[in-house]
Protein chains: 2
Amino acid sequence: MSAKPTIYDVAEEAGVGIGTVSRVLNNSTNVSERSRLRVQQAIRKLGFKPSSAARKLSRQTRIHNLGVITQSFNSYYSFAERLRGVQAFLSEQDEKYELILYNASSRDNAAEQLKAIIRDAAVEGLMIIDIDLSAEEQKALRQANIPYIGVNNSTASLSPNIGADNHEGARLATQYLIDNGHRHIAYIGDFFVDERFGFTTSHERYNGYRTALETNGFAHNEDFVKLGEHGYDAAHQSTLELIALPHRPTAIFAMSDTQALGCMAALRQCGLDVPADVSVMGYDDLEISKHTGLTTVRQHLELSGRRGAAYLLHTLKRTTSDVNLTLPQPVVIPRQTTRDIG
Amino acid sequence: MSAKPTIYDVAEEAGVGIGTVSRVLNNSTNVSERSRLRVQQAIRKLGFKPSSAARKLSRQTRIHNLGVITQSFNSYYSFAERLRGVQAFLSEQDEKYELILYNASSRDNAAEQLKAIIRDAAVEGLMIIDIDLSAEEQKALRQANIPYIGVNNSTASLSPNIGADNHEGARLATQYLIDNGHRHIAYIGDFFVDERFGFTTSHERYNGYRTALETNGFAHNEDFVKLGEHGYDAAHQSTLELIALPHRPTAIFAMSDTQALGCMAALRQCGLDVPADVSVMGYDDLEISKHTGLTTVRQHLELSGRRGAAYLLHTLKRTTSDVNLTLPQPVVIPRQTTRDIG
DNA sequence: ACAATTTTTGGAAGCGCTTCCACGCCACAT
DNA sequence: ATGTGGCGTGGAAGCGCTTCCAAAAATTGT
């Protein structure tokens, strides 16, 4: 008798009909105090819990739920900013939307979760942050009739996609450093993994960096490119390696603000001043970057969340009106960690 | 005919039985290629979407879902760290849990959302971050048989609660400054609002600050207490006011790292060095604080998320084993923004 | 006392799906 | 021809709830 109790069990236990139980559950009027008490007692005794599925089904009330799946809770500050955009947009809507968060621990796990989502029809729309879906996965979503939108994925592989132009942003960042007289610019980024399905963010930004160098006719120095795990610590380590170089760079372009912070910490730890000795450029413009005076590239994180959510809702409502899928161009925000050495 | 199509509509359109439609939906075997195609066509034509509620109900598969409700997406970095703890814990479990995020825009909105959650039995367990529930609200949750856990709420009012000892943390922080020779210590915090249901975090930390001062027999200076909105900007403003004082403090204790950053920015902007001229102490130990060298109080944010999730799961499983609800004591993490002026 | 309301009640029907059973059909062996 | 097995198929039953309706009980008025 450990099976989940239903209202029938409760009704029997309380010696009333199921209608009465339901009425108590819903705080409906027209229930005698005596019945209400008996039912409540039975509920407690049986540890009864209404099934939300059954409720949603019978009560015709369609509660919409959107999913957000990401692999990048490690770079969770930027994820949080995007999420904030999503929430903000959703809360402005008339209808209520539940936001279900899926956090994949690895690419394989992401695939697994995705399958589960499709199998259970768990969400009506899905936002995919920082995961590049294979063609098959995207097809599966389409077949399941689940609209989806990629955010910060490799534009090439995931469509539709809220595109941050990583290449252009990185090019601008590098060009900014060049305009400030820098000739020896290092790049700190993540490993270029997962290239099966298009470029990674790191690779895209790296390409933008290379483009800027080449456009200006500068030689490319392989020693100035340091790839590692994402995050503060790896960037810290990479920076130490850069400093140890016979000819150290005069500027370092980190592919994320978090990494830029790790970079700056390493520089200062070695007695180097930022920006007097070395300029540092980040990427993301997290809110903290404003606070730390980091020169960086603004890429409209919160807005990307908003736009993504807007797209999903429009699609769900079958609105034909177009939704703007492009974000404003990334732009360099000059602050105090870069210096003109021209 | 704009009503949501069901499998019956699809079956009719495709000229097959509902069983076949269901089989196609579930990628079941034993469906002729011909039928499969017809069904898929019909699905597309009708824009059919399976109802997740009906699915969950019929398929006996109980998918658990937990809710997290918060009001504090404004201080979302610390929220993100907690959430990370929750996710990490959940992903270690065998059973699958869906995490539904509720973000209240105001206290009233929180009350509204809470009602909706209860009404819809939307979640099996609820984590309440930074919102103090009234006795009635807690009672409603209990009646609805939804286990809940407060995180960083005023211990007094929300029970059970994963308690961060704000008073003690603030006392330690202040004592640390005192031990470093400071006698003129300012406090920057949030307004003490919402006291109907217990103390706010800001108030608790303020009290800890006062306790330290009094224990050491120092006079309390009302001018040194600046309360405002939460966040960087208000703290920035408060700091400017502190600096303008005839006798400015030698140390500033901000109730959060975010505010400490605003404070430091203001100091530097006025040509004051941290920590040479003024020491700054934060609270939270966000990950960024390590990066910015901020002396602060560590309060185990991620762990609080983990513990909260653990409690909910244990309760759901009716495990009798006790769950540890107490967090390690907060501890001062000395870094580079404070100086011994003894 | 009785009739006229009003409140309270039980339970059938139905929400949209999955699952299962029974049946038709065809290919193959006998 | 007759049997045998397996695939494909339709549709009834059932998941746990809400909602409705008609009927029973309680209340009011006369």
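As the structure is a prediction and not an experimental result, all values here were calculated from the model.

(A) Structural detail: the packing of helix 1 (residues 7-14) of chain A against helix 3 (residues 33-46) of chain A. Residues and elements named next belong to chain A. It is the contact of helix 1 with helix 3, at a shortest axis distance of 8 Å, that shows an interaxial angle of 120°. By the angle class used here, helix 1 and helix 3 are oblique. At the point where helix 1 passes helix 3, the crossing takes the right-handed sense. On helix 3, the residues that touch Asp 9, Val 10, Glu 13 and Ala 14 of helix 1 are Arg 38, Val 39, Ala 42, Ile 43, Lys 45 and Leu 46. The residue makeup of the contact of helix 1 with helix 3, split by class, is 6 nonpolar, no polar and 4 charged.

(B) A look at the protein's contact with DNA strand C. Taken together, the neighbourhood of DNA strand C is formed by 30 residues, with Gly 17, Thr 20 and Ser 35 of chain A together with Ile 7 and Ser 22 of chain B sitting nearest. Put simply, 63% of the atoms of DNA strand C that lie within 4 Å of the protein are in sugar or phosphate. Take Asn 30 of chain A: an N or O atom from its side chain is 3.2 Å from a phosphate oxygen of DNA strand C. Between Arg 55 of chain B and DNA strand C, the recorded distance is 2.8 Å, taken from a side-chain N or O atom to a phosphate oxygen. Looking at the surface near DNA strand C, the elements with two or more residues in it are helix 2 (18-25) and helix 4 (52-58) of chain A together with helix 1 (7-14), helix 2 (18-25) and helix 4 (52-58) of chain B. For the surface near DNA strand C, the class distribution of residues is 11 nonpolar, 14 polar and 5 charged.

(C) Focus on the protein's contact with DNA strand D. With respect to spatial proximity, 30 residues lie near DNA strand D, and among them Ile 7 and Ser 22 of chain A together with Gly 17, Thr 20 and Ser 35 of chain B are the closest. Among the atoms of DNA strand D close to the protein, meaning within 4 Å, 63% are from sugar or phosphate groups. Contacts to DNA strand D include Ser 35 of chain B, whose side-chain N or O atom sits 2.5 Å from a phosphate oxygen. Of all the secondary structure elements, the ones that give two or more residues to the surface near DNA strand D are helix 1, helix 2 and helix 4 of chain A together with helix 2 and helix 4 of chain B. Residue classes in the surface near DNA strand D are distributed as 11 nonpolar, 14 polar and 5 charged.

(D) How the structure looks around the relation of the copies chain A and chain B. Each copy superposes on the other: chain A lies on chain B with an RMSD of 0.1 Å after a rotation of 179° and an axial shift of 0.0 Å. In short, the pair behaves as if placed about a two-fold rotation axis. Most of the interface of chain A is mirrored in chain B, where 100% of its interface residues again form contacts.

(E) View of the pairing of strand 3 (residues 125-129) of chain B. All names here are of chain B. A large share of strand 3 lies buried, amounting to 5 of its 5 residues. Covered by surrounding structure in strand 3 are Gly 125, Met 127 and Ile 129 together with Leu 126 and Ile 128, the residues of both alternating faces. Where strand 1 (residues 64-70) lies against strand 3, 5 bridges are found, and the strand directions are parallel. Paired with Val 68 across the strands is Met 127, a residue of strand 3. Where strand 3 lies against strand 4 (residues 148-151), 4 bridges are found, and the strand directions are parallel.

(F) Geometry of the pattern of salt bridges. Counted by the stated rule, this structure contains 22 salt bridges over all chains. Arg 171 of chain A is the salt-bridge partner of Glu 168 of chain A, the closest N and O atoms lying 3.1 Å from each other. Of this pair, Glu 168 of chain A and Arg 171 of chain A both sit in helix 8 (residues 166-179), 3 residues apart, which is roughly one turn of that helix. A residue is classified by how much of its surface remains accessible, and Glu 168 of chain A, at 21% relative accessible area, is partly exposed. With its nearest N and O atoms 2.8 Å apart, the salt bridge here joins Glu 137 of chain B to Arg 107 of chain B. Of this pair, Glu 137 of chain B sits in helix 7 (residues 135-143) while Arg 107 of chain B sits in helix 6 (residues 107-120), and the two are 30 residues apart along the sequence. A relative accessible area of 13% places Arg 107 of chain B in the buried class. One salt-bridge network, in which partners are shared between bridges, spans Asp 285, Arg 298 and Arg 335 of chain A.

(G) Fine view of the interface of chain A and chain B. The interface is formed by 52 residues belonging to chain A together with 53 residues belonging to chain B. Between chain A and chain B, the buried area comes to about 4,800 Å², and carbon and sulfur atoms account for 56% of it. Inspection of the chain A/chain B interface yields 0 salt bridges. For the pair chain A and chain B, the interface holds 4 residue pairs in polar contact (both at pLDDT 80 or more). Elements with a minimum of two residues in the side of chain A that touches chain B: helix 3, helix 4, helix 5 (76-91), strand 2 (97-103), helix 6 (107-120), helix 10 (232-243), helix 11 (257-269) and helix 12 (287-292) of chain A. Broken down by element, the residue count for the side of chain A that touches chain B peaks at 7 residues, all from helix 5 of chain A. Of the residues assigned to the side of chain A that touches chain B, the class counts are 25 nonpolar, 11 polar and 16 charged. In the sheet, strand 2 of chain A pairs with strand 2 (residues 97-103) of chain B via 3 bridges, with the strands oriented antiparallel. Of the residues in strand 2 of chain B, the one forming a bridge with Ile 100 of chain A is Ile 100 of chain B.

What counts, and where the lines are drawn
- Residues numbered from 1 in each chain as written.
- Chains lettered and ligands numbered in written order.
- Predicted model: local features only at pLDDT ≥ 70, side-chain atom pairs only at ≥ 80, totals over all residues.
- Heavy atoms only, no water.
- Axes fitted to C-alpha atoms, helices over the stretch in contact; angles between N-to-C directions.
- Helix = DSSP H or I, 4+ residues; strand = E, 2+ residues; numbered from the N terminus.
- Parallel < 35°, antiparallel > 145°, perpendicular 65-115°, else oblique.
- Left-handed = near helix turned anticlockwise from the far one by under 90°.
- Contact = heavy atoms within 4.5 Å.
- Nonpolar A, V, L, I, M, F, W, Y, C, P; charged D, E, K, R; others polar.
- Near = heavy atom within 4 Å.
- Polar contact = N/O pair within 3.5 Å; in protein donor to acceptor, adjacent residues only side chain to side chain.
- Least-squares fit on C-alpha atoms with pLDDT ≥ 70 in both.
- Buried < 20%, exposed > 50% of the residue type's maximum accessible area, 1.4 Å probe, protein only.
- Pairing = 2+ DSSP bridges.
- Salt bridge = Lys/Arg side-chain N within 4 Å of Asp/Glu carboxyl O.
- Buried area = accessible area lost by both parts, 1.4 Å probe.

By themselves these figures say nothing about function.
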